[in-house]
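# Summary of the model geometry
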Amino acid sequence: MSKILLTGATGFLGSYLLKSFISNNHEIIILKRSISNINRIKSLDGNYVFYDIEKVNIDDVFRVEKPEIIIHTACSYGKNNESISNLVKTNLIFSLEVFEASNLHDAKLFVNVDSLLPKKVSNYSFSKSQFSDWLKINTYDINIVNLKIEQMYGPDTNKNKFFGWLFNNIMSNSTEKIDLTSGVQKRDFIYIDDVVDAFNLIIEKRNQIRGFKDLDLGTGNFVKVKDFVKAIAFEVEEIYKIKVFNRLNFGAVPYRDGEIMKPILDNSIIRSLGWNPRYTYEEGIKETLKNLI
């Protein structure tokens, strides 16, 4: 059992991590905003406590709770018209405050969830890269894992992420077209349970991690977005008897500036620790839909 401080626990990834950490009998300290929607985690029972970051001094939380491990998933994607300054406050300033307190109070491991996107693709990716750059250029006693996760999906995926947006449109039973790019760009779609497995393994093997480590997390199987969308459409038509294929309007949306046609990903480090994905993307889609029925 470990004492873990978790940020972003009310989000998609964070809520799955919290559930897993509880089942593994860890003691959890959660930093959240007072306005955070806790619907994803309000029914969970376990050994965890909340702190609202607007009401406490982060340094005081660390002084009282003394967490050994910090899992930092909190971020702002900038999908709700947040200002650049708000993005910076969440993705850089708040992140630095948590990290500095982690180092000051002798935590052993800091795991940061970074982005695989190039820094200049969006304000979100730029602010995330700024924080990871700060982690890289400073030498601390604490060990750091900077985890870059490919296209994560599963039940209750964020609606402002591709899979959640797509599923909502597909399940609307509308006759309107779903406008998409041509979909020939490739992505590594990774099911949420495989992501959680990776975090648990990092915690288990933390004594093998020294200094700063950049870790890419993906299955290693790159799939055309078009094929992934079609796989969802097929399963939805089979399960829900909703017409989907005739609504998929590939090529209607241009690629954004700087669109990556195939990301560069090296998952050798996480695999060397013993991680292997349990789900193909087809199996992950089936699991996702099964858990929504």
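Residues numbered from 1 in each chain as written. Predicted model: local features only at pLDDT ≥ 70, side-chain atom pairs only at ≥ 80, totals over all residues. Heavy atoms only, no water.

Our focus in this paragraph is the pattern of salt bridges. Oppositely charged side chains are able to pair whenever their charged atoms sit close together. According to the stated counting rule, one finds 13 salt bridges in the structure shown. With a shortest N-O distance of 3.5 Å, Lys3 and Glu65 are connected by a salt bridge. Of this pair, Lys3 sits in strand E1 (residues 3–7) while Glu65 sits in helix H2 (residues 58–65), placing them 62 residues apart in sequence. The pair Lys3 / Glu65 is uniform in exposure class, with both members buried. (Salt bridge = Lys/Arg side-chain N within 4 Å of Asp/Glu carboxyl O. Helix = DSSP H or I, 4+ residues; strand = E, 2+ residues; numbered from the N terminus. Buried < 20%, exposed > 50% of the residue type's maximum accessible area, 1.4 Å probe, protein only.)

So, on to helix H1 (residues 12–23). In this model H1 runs 17 Å from its N-terminal to its C-terminal C-alpha over twelve residues, within 8% of the 16 Å that 1.5 Å per residue would give. A large share of H1 lies buried, amounting to nine of its twelve residues. All buried positions along H1 are accounted for by Phe12, Leu13, Gly14, Ser15, Leu17, Leu18, Ser20, Phe21 and Ile22. (Expected span 1.5 Å × (residues − 1).)

Turning our attention to the packing of aromatic side chains. Tallying each qualifying case throughout the model produces 14 aromatic pairs. The interplanar angle of 75 degrees and the centroid separation of 5.3 Å between the aromatic rings of Phe12 and Tyr16 together place this pair among those described as edge-to-face. Here Phe12 and its partner Tyr16 are both found in helix H1, four residues apart, which amounts to about one turn of the helix. The class for Phe12 is buried, based on a relative accessible area of 4%. Considering the side-chain rings of Phe228 and Tyr281, the 6.0 Å spacing of their centres and the 45 degrees angle between planes classify their relative orientation as tilted. Here Tyr281 lies in helix H9 (residues 281–290) and Phe228 lies in helix H7 (residues 225–240), a separation of 53 residues in the sequence. (Phe/Tyr/Trp six-rings, centres within 6.5 Å; stacked < 30°, edge-to-face > 60°.)

Let us now look at the packing of H2 against helix H3 (residues 84–104). With their axes 9 Å apart at the nearest point, H2 and H3 run at an angle of 35 degrees to one another. In this structure, the crossing between H2 and H3 has a hand that is right-handed. When H2 is examined against H3, the residues Ile58, Asp59 and Phe62 are found in contact with a partner set consisting of Phe94, Glu97, Val98, Ala101, Ser102 and Leu104. A per-class count over the contact of H2 with H3 returns six nonpolar, one polar and two charged. (Axes fitted to C-alpha atoms, helices over the stretch in contact; angles between N-to-C directions. Left-handed = near helix turned anticlockwise from the far one by under 90°. Contact = heavy atoms within 4.5 Å. Nonpolar A, V, L, I, M, F, W, Y, C, P; charged D, E, K, R; others polar.)

Within strand E5 (residues 109–114), six of the six residues are buried, leaving the element largely enclosed by the surrounding structure. Every second residue of E5 is oriented toward a common face, with Leu109, Val111 and Val113 on one face and Phe110, Asn112 and Asp114 on the other, all of them buried. Between the parallel pair strand E4 (residues 69–72) and E5, the chain is carried across by H3, and the sense of this crossover is right-handed. Relative to strand E6 (residues 143–149), E5 runs parallel, the two being bridged by six bridges. Considered in E6, the bridge of Val111 is made with Val145. (Right-handed = clockwise from strand over helix to strand, strands pointing away. Pairing = 2+ DSSP bridges.)

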